[in-house]
Amino acid sequence: PTVGSNPAIDTLPATFRWGVATSAYQIEGAVHEDGRGPSIWDTYCRTPGMVHEGDNGDVACDHYHRMPEDVALIGSLGVDTYRFSVAWPRVQPGGKGPANPAGLAFYDRLVDELLGRGVDPWVTLYHWDLPQELEDAGGWPERDTAYRFADYSMLVFDALSDRVRTWTTLNEPWCSAMLGYYEGRQAPGRQDFEAAIHAVHHLLLGHGLATQRMRAAAPAPTEFGITLNMAHASPATDSEADREAARRADGLSRRIYLDPLLRGHYPVDVVEDLAARSVKLPVNDGDLEIIRQPIDVLGVNYYSSHLFSGVDEQGRTTDADGHPVDRTVRFGRPVTAMDWEIVPEGFTKLLVQISDEYPGVPMVITENGAAFDDTLTGGVVQDDDRIEYLASHIAAVAAARSRGADVRGYFAWSLMDNFEWSYGYAKRFGLVHVDYDTQVRTPKSSALWYRDTIRRVRGR
Ligand code: GBH
(Lines give C-alpha, C1' and ligand atoms only; values in the text may rest on other atoms or scores of the structure.)
Protein backbone atom coordinates (compact mmCIF):
# COMPACT_ATOMS: atom_id res chain seq x y z
CA PRO A 1 0.00 0.00 0.00
CA THR A 2 1.09 3.59 -0.53
CA VAL A 3 2.76 5.35 2.37
CA GLY A 4 0.21 6.97 4.67
CA SER A 5 -2.87 5.40 3.11
CA ASN A 6 -5.24 4.38 5.87
CA PRO A 7 -8.96 4.03 5.10
CA ALA A 8 -9.99 4.89 8.69
CA ILE A 9 -8.84 8.48 8.13
CA ASP A 10 -11.57 8.87 5.54
CA THR A 11 -14.27 8.17 8.12
CA LEU A 12 -13.55 11.57 9.72
CA PRO A 13 -16.25 14.13 9.00
CA ALA A 14 -15.76 17.01 6.57
CA THR A 15 -16.26 19.37 9.54
CA PHE A 16 -13.29 17.91 11.46
CA ARG A 17 -10.87 20.64 12.52
CA TRP A 18 -7.29 20.41 11.23
CA GLY A 19 -4.32 22.36 12.48
CA VAL A 20 -0.64 22.70 13.18
CA ALA A 21 0.90 23.77 16.50
CA THR A 22 3.99 25.56 17.84
CA SER A 23 5.02 27.33 21.03
CA ALA A 24 6.63 30.71 21.61
CA TYR A 25 10.02 29.84 23.10
CA GLN A 26 10.52 27.00 20.65
CA ILE A 27 10.25 29.18 17.51
CA GLU A 28 10.34 32.91 18.16
CA GLY A 29 13.94 33.80 19.05
CA ALA A 30 14.36 37.58 19.54
CA VAL A 31 14.64 37.06 23.27
CA HIS A 32 16.00 40.53 23.97
CA GLU A 33 13.70 42.47 21.66
CA ASP A 34 10.86 44.90 22.30
CA GLY A 35 11.18 44.72 26.04
CA ARG A 36 10.90 40.95 26.53
CA GLY A 37 12.11 39.89 29.98
CA PRO A 38 13.95 36.66 30.84
CA SER A 39 12.01 33.46 31.41
CA ILE A 40 12.95 30.31 33.30
CA TRP A 41 13.95 28.77 29.96
CA ASP A 42 16.51 31.51 29.24
CA THR A 43 18.02 30.77 32.64
CA TYR A 44 17.83 26.98 32.31
CA CYS A 45 19.52 27.05 28.89
CA ARG A 46 22.40 29.00 30.42
CA THR A 47 22.87 26.47 33.19
CA PRO A 48 25.71 24.18 32.07
CA GLY A 49 24.71 20.61 31.31
CA MET A 50 20.96 21.17 31.14
CA VAL A 51 20.36 21.46 27.39
CA HIS A 52 21.94 19.36 24.63
CA GLU A 53 25.05 21.10 23.23
CA GLY A 54 24.25 24.19 25.29
CA ASP A 55 21.56 25.17 22.77
CA ASN A 56 19.06 27.92 23.60
CA GLY A 57 16.09 29.78 22.15
CA ASP A 58 17.89 33.08 21.47
CA VAL A 59 17.34 32.77 17.72
CA ALA A 60 15.39 29.50 17.30
CA CYS A 61 13.44 29.72 14.00
CA ASP A 62 13.62 33.51 14.05
CA HIS A 63 9.84 33.42 13.75
CA TYR A 64 9.57 36.80 15.49
CA HIS A 65 11.05 38.37 12.36
CA ARG A 66 9.69 35.92 9.79
CA MET A 67 6.13 35.66 11.05
CA PRO A 68 4.35 36.74 7.81
CA GLU A 69 6.37 34.20 5.78
CA ASP A 70 5.55 31.49 8.33
CA VAL A 71 1.85 32.34 8.28
CA ALA A 72 1.91 32.05 4.48
CA LEU A 73 3.41 28.59 4.95
CA ILE A 74 0.62 27.68 7.38
CA GLY A 75 -1.92 28.89 4.82
CA SER A 76 -0.33 26.72 2.13
CA LEU A 77 -0.92 23.59 4.25
CA GLY A 78 -4.66 24.14 4.04
CA VAL A 79 -5.22 23.85 7.80
CA ASP A 80 -8.11 25.73 9.41
CA THR A 81 -6.38 26.38 12.73
CA TYR A 82 -2.98 27.48 13.99
CA ARG A 83 -2.24 26.80 17.67
CA PHE A 84 0.50 29.06 19.04
CA SER A 85 1.47 30.26 22.51
CA VAL A 86 1.93 33.75 23.85
CA ALA A 87 5.20 34.45 25.67
CA TRP A 88 4.33 35.75 29.13
CA PRO A 89 7.75 37.53 29.42
CA ARG A 90 6.96 39.55 26.27
CA VAL A 91 3.63 40.72 27.65
CA GLN A 92 4.73 41.24 31.28
CA PRO A 93 8.54 41.20 31.36
CA GLY A 94 8.65 40.77 35.16
CA GLY A 95 5.49 38.70 35.45
CA LYS A 96 3.33 41.44 36.94
CA GLY A 97 2.12 44.96 36.34
CA PRO A 98 0.91 46.64 33.17
CA ALA A 99 1.24 45.14 29.70
CA ASN A 100 4.27 45.82 27.53
CA PRO A 101 2.56 47.18 24.40
CA ALA A 102 5.40 46.17 22.04
CA GLY A 103 5.13 42.57 23.25
CA LEU A 104 1.38 42.40 22.72
CA ALA A 105 1.72 44.06 19.31
CA PHE A 106 3.50 41.02 17.90
CA TYR A 107 0.55 38.73 18.70
CA ASP A 108 -1.87 41.36 17.44
CA ARG A 109 -0.12 41.28 14.05
CA LEU A 110 0.07 37.49 14.11
CA VAL A 111 -3.69 37.18 14.68
CA ASP A 112 -4.45 39.60 11.85
CA GLU A 113 -2.07 37.82 9.52
CA LEU A 114 -3.73 34.46 10.27
CA LEU A 115 -7.24 35.79 9.81
CA GLY A 116 -6.15 37.35 6.53
CA ARG A 117 -5.20 33.86 5.34
CA GLY A 118 -8.41 32.28 6.57
CA VAL A 119 -6.71 30.46 9.47
CA ASP A 120 -8.28 30.50 12.96
CA PRO A 121 -5.92 31.52 15.75
CA TRP A 122 -5.93 29.19 18.78
CA VAL A 123 -4.11 30.72 21.76
CA THR A 124 -2.23 28.84 24.45
CA LEU A 125 -1.52 31.30 27.25
CA TYR A 126 1.27 29.34 28.92
CA HIS A 127 3.65 26.96 27.21
CA TRP A 128 6.32 26.79 29.93
CA ASP A 129 8.02 30.22 29.71
CA LEU A 130 7.46 31.59 33.23
CA PRO A 131 8.96 35.06 33.78
CA GLN A 132 12.17 34.53 35.77
CA GLU A 133 11.15 37.09 38.41
CA LEU A 134 8.17 34.93 39.34
CA GLU A 135 10.40 31.89 39.69
CA ASP A 136 12.71 33.94 41.91
CA ALA A 137 9.66 34.58 44.10
CA GLY A 138 9.04 30.80 44.34
CA GLY A 139 7.46 29.93 40.98
CA TRP A 140 4.47 27.61 40.57
CA PRO A 141 4.88 26.01 44.01
CA GLU A 142 3.80 29.44 45.37
CA ARG A 143 0.08 30.21 45.42
CA ASP A 144 0.62 33.79 44.29
CA THR A 145 1.78 32.60 40.85
CA ALA A 146 -1.78 31.42 40.09
CA TYR A 147 -3.08 34.96 40.63
CA ARG A 148 -0.25 36.44 38.56
CA PHE A 149 -1.18 34.04 35.73
CA ALA A 150 -4.81 35.15 35.81
CA ASP A 151 -3.77 38.82 35.64
CA TYR A 152 -1.44 38.13 32.71
CA SER A 153 -4.16 36.12 30.93
CA MET A 154 -6.53 39.09 31.13
CA LEU A 155 -3.96 41.39 29.51
CA VAL A 156 -3.72 39.05 26.53
CA PHE A 157 -7.46 38.42 26.49
CA ASP A 158 -8.28 42.12 26.44
CA ALA A 159 -5.95 42.62 23.48
CA LEU A 160 -7.04 39.68 21.32
CA SER A 161 -10.50 38.49 22.36
CA ASP A 162 -12.21 40.54 19.65
CA ARG A 163 -10.64 38.12 17.14
CA VAL A 164 -9.58 34.94 18.93
CA ARG A 165 -12.40 32.41 19.53
CA THR A 166 -10.46 29.61 21.30
CA TRP A 167 -8.33 30.01 24.41
CA THR A 168 -6.42 27.33 26.27
CA THR A 169 -4.76 28.29 29.52
CA LEU A 170 -1.92 25.83 30.14
CA ASN A 171 0.01 23.45 27.96
CA GLU A 172 0.76 20.20 29.80
CA PRO A 173 0.81 21.18 33.48
CA TRP A 174 2.26 17.71 34.21
CA CYS A 175 5.46 18.75 32.42
CA SER A 176 5.61 22.11 34.20
CA ALA A 177 5.15 20.49 37.60
CA MET A 178 6.86 17.11 37.34
CA LEU A 179 9.65 17.73 34.83
CA GLY A 180 10.24 21.29 36.06
CA TYR A 181 10.05 20.91 39.84
CA TYR A 182 10.53 17.19 40.55
CA GLU A 183 12.64 15.53 37.86
CA GLY A 184 14.56 18.70 36.98
CA ARG A 185 14.58 17.74 33.29
CA GLN A 186 12.96 21.02 32.30
CA ALA A 187 13.08 24.59 33.59
CA PRO A 188 13.43 25.62 36.33
CA GLY A 189 15.26 22.34 37.00
CA ARG A 190 14.29 21.82 40.62
CA GLN A 191 14.12 18.37 42.23
CA ASP A 192 11.60 18.55 45.03
CA PHE A 193 8.55 16.27 45.00
CA GLU A 194 6.54 18.34 47.44
CA ALA A 195 7.21 21.53 45.47
CA ALA A 196 6.02 19.74 42.32
CA ILE A 197 2.74 18.70 43.96
CA HIS A 198 2.21 22.26 45.15
CA ALA A 199 2.88 23.37 41.57
CA VAL A 200 0.18 20.98 40.31
CA HIS A 201 -2.45 22.64 42.46
CA HIS A 202 -1.37 26.19 41.69
CA LEU A 203 -1.26 25.51 37.95
CA LEU A 204 -4.83 24.20 38.14
CA LEU A 205 -5.87 27.13 40.29
CA GLY A 206 -4.32 29.52 37.77
CA HIS A 207 -6.29 27.80 35.01
CA GLY A 208 -9.52 28.20 36.97
CA LEU A 209 -8.95 31.82 37.94
CA ALA A 210 -7.99 32.81 34.39
CA THR A 211 -10.88 30.94 32.80
CA GLN A 212 -13.40 32.46 35.20
CA ARG A 213 -12.23 36.00 34.47
CA MET A 214 -11.87 35.55 30.71
CA ARG A 215 -15.29 33.98 30.34
CA ALA A 216 -16.91 36.82 32.28
CA ALA A 217 -15.25 39.33 29.94
CA ALA A 218 -15.81 37.49 26.64
CA PRO A 219 -17.26 39.84 24.02
CA ALA A 220 -18.70 37.04 21.88
CA PRO A 221 -19.12 33.25 22.04
CA THR A 222 -15.67 31.98 22.99
CA GLU A 223 -14.35 28.49 23.80
CA PHE A 224 -12.14 27.90 26.83
CA GLY A 225 -10.05 24.92 27.79
CA ILE A 226 -6.72 23.46 28.86
CA THR A 227 -4.28 21.06 27.21
CA LEU A 228 -3.04 17.95 29.04
CA ASN A 229 -0.40 15.47 27.92
CA MET A 230 -1.66 11.99 28.54
CA ALA A 231 -0.92 8.37 27.78
CA HIS A 232 -2.78 5.11 28.27
CA ALA A 233 -1.35 3.36 31.32
CA SER A 234 -1.77 -0.40 31.43
CA PRO A 235 -0.19 -2.97 33.74
CA ALA A 236 2.63 -5.13 32.35
CA THR A 237 0.97 -8.27 33.77
CA ASP A 238 -2.27 -8.69 35.66
CA SER A 239 -0.43 -9.12 38.96
CA GLU A 240 -1.68 -7.00 41.84
CA ALA A 241 1.67 -5.15 42.02
CA ASP A 242 1.59 -4.21 38.32
CA ARG A 243 -2.05 -3.16 38.40
CA GLU A 244 -1.31 -0.96 41.41
CA ALA A 245 1.68 0.59 39.63
CA ALA A 246 -0.45 1.43 36.58
CA ARG A 247 -3.15 2.90 38.82
CA ARG A 248 -0.63 5.08 40.67
CA ALA A 249 1.04 6.28 37.48
CA ASP A 250 -2.31 7.04 35.85
CA GLY A 251 -3.43 8.86 38.98
CA LEU A 252 -0.41 11.11 39.20
CA SER A 253 -0.20 11.89 35.49
CA ARG A 254 -3.81 12.01 34.26
CA ARG A 255 -6.56 11.77 36.88
CA ILE A 256 -4.92 14.34 39.21
CA TYR A 257 -5.74 16.88 36.47
CA LEU A 258 -8.96 15.54 34.95
CA ASP A 259 -10.78 14.88 38.23
CA PRO A 260 -10.52 18.39 39.70
CA LEU A 261 -11.15 19.98 36.28
CA LEU A 262 -14.20 17.90 35.40
CA ARG A 263 -15.50 16.47 38.70
CA GLY A 264 -14.48 19.09 41.20
CA HIS A 265 -12.27 17.00 43.48
CA TYR A 266 -8.88 15.28 43.53
CA PRO A 267 -8.95 11.48 43.19
CA VAL A 268 -9.13 9.83 46.62
CA ASP A 269 -6.51 7.20 45.76
CA VAL A 270 -4.03 9.85 44.60
CA VAL A 271 -4.53 11.85 47.78
CA GLU A 272 -3.79 8.65 49.73
CA ASP A 273 -0.70 7.84 47.65
CA LEU A 274 0.57 11.37 48.32
CA ALA A 275 -0.17 11.08 52.04
CA ALA A 276 1.94 7.90 52.09
CA ARG A 277 4.79 10.12 50.90
CA SER A 278 3.88 12.78 53.51
CA VAL A 279 2.78 15.23 50.83
CA LYS A 280 -0.50 17.11 50.69
CA LEU A 281 -2.12 19.14 47.91
CA PRO A 282 -2.32 22.74 49.23
CA VAL A 283 -6.09 23.16 48.74
CA ASN A 284 -7.78 26.18 50.32
CA ASP A 285 -11.54 26.55 50.79
CA GLY A 286 -13.17 27.40 47.49
CA ASP A 287 -10.24 26.35 45.28
CA LEU A 288 -11.98 23.29 43.87
CA GLU A 289 -14.99 25.33 42.75
CA ILE A 290 -12.61 27.71 40.96
CA ILE A 291 -10.74 24.88 39.25
CA ARG A 292 -13.93 23.22 38.03
CA GLN A 293 -14.81 25.71 35.30
CA PRO A 294 -16.87 24.47 32.36
CA ILE A 295 -14.48 23.07 29.74
CA ASP A 296 -15.56 23.81 26.15
CA VAL A 297 -12.63 21.90 24.77
CA LEU A 298 -10.13 19.58 26.38
CA GLY A 299 -6.83 19.65 24.51
CA VAL A 300 -5.15 16.25 24.37
CA ASN A 301 -1.46 15.87 23.53
CA TYR A 302 -0.44 12.30 22.77
CA TYR A 303 2.96 10.88 21.80
CA SER A 304 3.40 7.42 23.29
CA SER A 305 2.23 4.94 25.94
CA HIS A 306 3.87 2.38 28.21
CA LEU A 307 3.16 -0.58 30.39
CA PHE A 308 3.75 -0.32 34.14
CA SER A 309 5.21 -2.73 36.63
CA GLY A 310 5.27 -2.55 40.41
CA VAL A 311 8.34 -4.77 40.60
CA ASP A 312 11.88 -3.68 39.73
CA GLU A 313 14.45 -5.74 37.81
CA GLN A 314 15.66 -7.28 41.08
CA GLY A 315 12.14 -8.31 42.08
CA ARG A 316 11.72 -5.62 44.76
CA THR A 317 8.44 -3.75 45.21
CA THR A 318 9.85 -0.74 47.11
CA ASP A 319 12.68 1.60 46.15
CA ALA A 320 15.59 2.93 48.23
CA ASP A 321 13.31 5.61 49.77
CA GLY A 322 10.72 3.01 50.71
CA HIS A 323 8.28 4.17 48.03
CA PRO A 324 6.42 1.62 45.91
CA VAL A 325 8.13 0.86 42.59
CA ASP A 326 6.55 2.34 39.45
CA ARG A 327 8.62 1.00 36.59
CA THR A 328 7.81 1.67 32.97
CA VAL A 329 8.03 -1.37 30.72
CA ARG A 330 8.25 -1.25 26.96
CA PHE A 331 5.91 -2.95 24.52
CA GLY A 332 8.93 -3.67 22.31
CA ARG A 333 7.69 -1.60 19.37
CA PRO A 334 9.66 0.57 16.94
CA VAL A 335 10.66 3.93 18.40
CA THR A 336 10.99 7.49 17.11
CA ALA A 337 14.21 9.53 17.28
CA MET A 338 13.16 10.45 20.84
CA ASP A 339 13.28 6.73 21.71
CA TRP A 340 9.54 6.91 22.36
CA GLU A 341 7.66 3.77 21.29
CA ILE A 342 5.10 4.09 18.52
CA VAL A 343 1.81 2.95 20.08
CA PRO A 344 -1.17 4.27 18.11
CA GLU A 345 -3.69 1.91 19.72
CA GLY A 346 -2.78 3.46 23.09
CA PHE A 347 -4.13 6.71 21.62
CA THR A 348 -7.49 5.09 20.79
CA LYS A 349 -7.65 3.50 24.25
CA LEU A 350 -6.80 6.78 25.98
CA LEU A 351 -9.48 8.77 24.11
CA VAL A 352 -12.14 6.12 24.71
CA GLN A 353 -11.13 5.92 28.38
CA ILE A 354 -11.45 9.70 28.81
CA SER A 355 -14.85 9.77 27.16
CA ASP A 356 -16.06 6.82 29.25
CA GLU A 357 -14.83 8.30 32.53
CA TYR A 358 -15.81 11.90 31.80
CA PRO A 359 -18.85 11.53 29.55
CA GLY A 360 -19.49 14.21 26.99
CA VAL A 361 -16.16 16.02 27.24
CA PRO A 362 -15.36 17.58 23.84
CA MET A 363 -11.75 16.98 22.83
CA VAL A 364 -9.31 18.29 20.26
CA ILE A 365 -5.91 16.71 19.72
CA THR A 366 -3.76 19.78 20.30
CA GLU A 367 -0.48 17.91 19.65
CA ASN A 368 0.60 14.65 18.06
CA GLY A 369 3.69 14.01 16.01
CA ALA A 370 7.15 12.54 15.98
CA ALA A 371 10.85 13.27 15.60
CA PHE A 372 12.79 11.21 13.09
CA ASP A 373 16.30 11.46 11.68
CA ASP A 374 15.35 13.50 8.63
CA THR A 375 17.75 14.15 5.79
CA LEU A 376 17.43 17.01 3.36
CA THR A 377 18.72 15.79 0.00
CA GLY A 378 18.28 17.71 -3.21
CA GLY A 379 15.77 20.01 -1.56
CA VAL A 380 13.59 17.09 -0.40
CA VAL A 381 12.95 15.44 2.96
CA GLN A 382 11.30 12.11 2.20
CA ASP A 383 10.00 11.41 5.70
CA ASP A 384 7.90 8.31 5.13
CA ASP A 385 8.36 7.32 8.79
CA ARG A 386 6.65 10.54 9.90
CA ILE A 387 3.86 10.09 7.35
CA GLU A 388 3.22 6.60 8.71
CA TYR A 389 3.26 7.89 12.28
CA LEU A 390 0.75 10.63 11.49
CA ALA A 391 -1.49 8.36 9.42
CA SER A 392 -1.63 5.64 12.08
CA HIS A 393 -2.36 8.18 14.83
CA ILE A 394 -5.04 10.05 12.87
CA ALA A 395 -6.60 6.65 12.14
CA ALA A 396 -6.43 5.93 15.88
CA VAL A 397 -8.41 9.13 16.52
CA ALA A 398 -10.99 8.05 13.94
CA ALA A 399 -11.25 4.67 15.70
CA ALA A 400 -11.84 6.40 19.04
CA ARG A 401 -14.59 8.52 17.48
CA SER A 402 -16.31 5.41 16.18
CA ARG A 403 -16.24 4.14 19.79
CA GLY A 404 -17.96 7.27 21.08
CA ALA A 405 -15.16 9.70 21.89
CA ASP A 406 -16.14 13.26 20.96
CA VAL A 407 -12.89 14.30 19.24
CA ARG A 408 -13.40 17.32 17.03
CA GLY A 409 -9.99 18.11 15.62
CA TYR A 410 -6.35 17.14 15.20
CA PHE A 411 -3.29 19.41 15.21
CA ALA A 412 0.09 18.11 14.14
CA TRP A 413 3.15 18.87 16.27
CA SER A 414 4.80 20.74 14.80
CA LEU A 415 4.51 23.24 11.97
CA MET A 416 8.29 23.31 11.66
CA ASP A 417 11.46 21.98 13.26
CA ASN A 418 12.20 23.96 16.41
CA PHE A 419 13.93 24.15 19.79
CA GLU A 420 13.06 20.79 21.34
CA TRP A 421 13.61 21.89 24.97
CA SER A 422 16.41 19.95 26.68
CA TYR A 423 17.15 18.15 23.39
CA GLY A 424 18.01 21.48 21.77
CA TYR A 425 17.91 21.54 17.97
CA ALA A 426 18.97 17.91 17.64
CA LYS A 427 15.40 16.58 17.41
CA ARG A 428 13.16 17.56 14.51
CA PHE A 429 9.38 17.34 14.86
CA GLY A 430 8.44 19.62 11.97
CA LEU A 431 6.27 19.07 8.92
CA VAL A 432 8.56 21.75 7.54
CA HIS A 433 12.35 21.43 7.67
CA VAL A 434 14.31 24.39 9.04
CA ASP A 435 17.95 25.01 8.10
CA TYR A 436 19.23 26.78 11.23
CA ASP A 437 22.14 28.39 9.35
CA THR A 438 20.04 30.04 6.66
CA GLN A 439 16.54 29.90 8.24
CA VAL A 440 15.29 28.42 4.96
CA ARG A 441 12.04 26.49 5.39
CA THR A 442 11.44 23.41 3.23
CA PRO A 443 8.14 21.51 3.48
CA LYS A 444 8.86 17.80 4.05
CA SER A 445 6.92 15.06 2.23
CA SER A 446 4.81 14.79 5.38
CA ALA A 447 3.65 18.40 4.94
CA LEU A 448 2.40 17.62 1.45
CA TRP A 449 0.79 14.39 2.63
CA TYR A 450 -0.95 16.30 5.45
CA ARG A 451 -2.21 18.98 3.06
CA ASP A 452 -3.56 16.34 0.64
CA THR A 453 -5.17 14.37 3.47
CA ILE A 454 -6.97 17.44 4.81
CA ARG A 455 -8.13 18.40 1.33
CA ARG A 456 -9.47 14.91 0.66
CA VAL A 457 -11.31 14.52 3.99
CA ARG A 458 -12.77 18.00 3.74
CA GLY A 459 -13.80 17.61 0.16
CA ARG A 460 -15.96 14.52 0.67
C1 GBH B 1 5.19 18.23 24.12
O2 GBH B 1 5.52 17.64 25.33
C3 GBH B 1 5.37 19.70 24.23
O4 GBH B 1 4.14 20.34 24.44
C5 GBH B 1 6.07 20.31 23.06
O6 GBH B 1 6.48 21.60 23.39
C7 GBH B 1 7.23 19.43 22.64
O8 GBH B 1 8.02 20.01 21.66
C9 GBH B 1 6.64 18.14 22.15
O10 GBH B 1 5.84 17.55 23.11
C11 GBH B 1 7.67 17.11 21.73
O12 GBH B 1 8.44 16.71 22.80
O13 GBH B 1 9.75 8.50 27.22
O14 GBH B 1 8.12 7.10 26.11
O15 GBH B 1 7.83 7.87 28.40
C16 GBH B 1 5.67 16.25 25.30
C17 GBH B 1 5.47 15.62 26.63
C18 GBH B 1 6.13 13.92 28.09
C19 GBH B 1 5.72 13.36 25.81
C20 GBH B 1 6.98 12.71 28.25
C21 GBH B 1 6.54 12.13 25.95
C22 GBH B 1 7.59 10.62 27.51
C23 GBH B 1 7.45 9.51 26.54
N24 GBH B 1 6.18 14.39 26.74
N25 GBH B 1 6.60 11.68 27.31
S26 GBH B 1 8.36 8.14 27.09
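Residues numbered from 1 in each chain as written. Predicted model: local features only at pLDDT ≥ 70, side-chain atom pairs only at ≥ 80, totals over all residues. Heavy atoms only, no water.

## Quick look at the sheet that holds strand β6 (residues 233–235)
So the rule is basically this: Pairing between strands requires that DSSP locate at least two bridges from one strand to the other. Numbering of helices and strands runs from the N terminus, with a helix taken as a DSSP run of H or I at least four residues long and a strand as a DSSP run of E at least two residues long. Lines fitted to C-alpha atoms define the axes, with helix axes restricted to the stretch in contact, and inter-axis angles between N-to-C directions lie between 0 and 180 degrees.
If you walk across this open sheet you meet the three strands as β6-β8-β9, and the pairing is mixed. The open sheet has two edge strands, β6 and β9 (327–329), and neither has a second partner. The sheet shows a mean angle of 45° between the axes of neighbouring strands, taken without regard to direction. Note: β6 against strand β8 (residues 306–309), three bridges, orientation parallel. Each bridged residue has a counterpart across the sheet, and for Pro-235 the counterpart in β8 is Phe-308.

## Overview of the UniProt feature "active site" (unreviewed entry) in the chain
Our working rule: UniProt positions are given in the numbering used here, feature names are shortened, and annotations may be inferred rather than shown by experiment. Here, residues are in contact when the closest pair of their heavy atoms is within 4.5 Å.
Residues annotated by UniProt as "active site" (unreviewed entry) correspond here to Glu-367. Inspection of the secondary structure puts Glu-367 in strand β10 (residues 363–367). Not counting residues up to four positions away in its chain, the partners in contact with Glu-367 are Arg-83, His-127, Asn-171, Glu-172, Val-300, Asn-301, Tyr-302, Tyr-303, Phe-411 and Trp-413.

## So, the sheet that holds strand β4 (residues 166–171)
In space, the eight strands of this closed barrel follow the order β1-β2-β3-β4-β5-β7-β10-β11, with parallel pairing throughout. Within this sheet the neighbouring strands show an average axis-to-axis angle of 25°, counted without direction. Direction of pairing for strand β3 (residues 120–126) relative to β4: parallel, over a ladder of four bridges. Opposite Thr-124, over in β4, you have Thr-168 as the bridge partner. The strands touched by helix α5 (residues 101–116) within the sheet are β2 (81–85) and β3, with β2 carrying the most contacts at an inclination of about 170°. Sitting on the sheet, helix α10 (residues 240–262) touches β5 (223–229) and β7 (297–301), and the angle it makes with β5 is about 160°.

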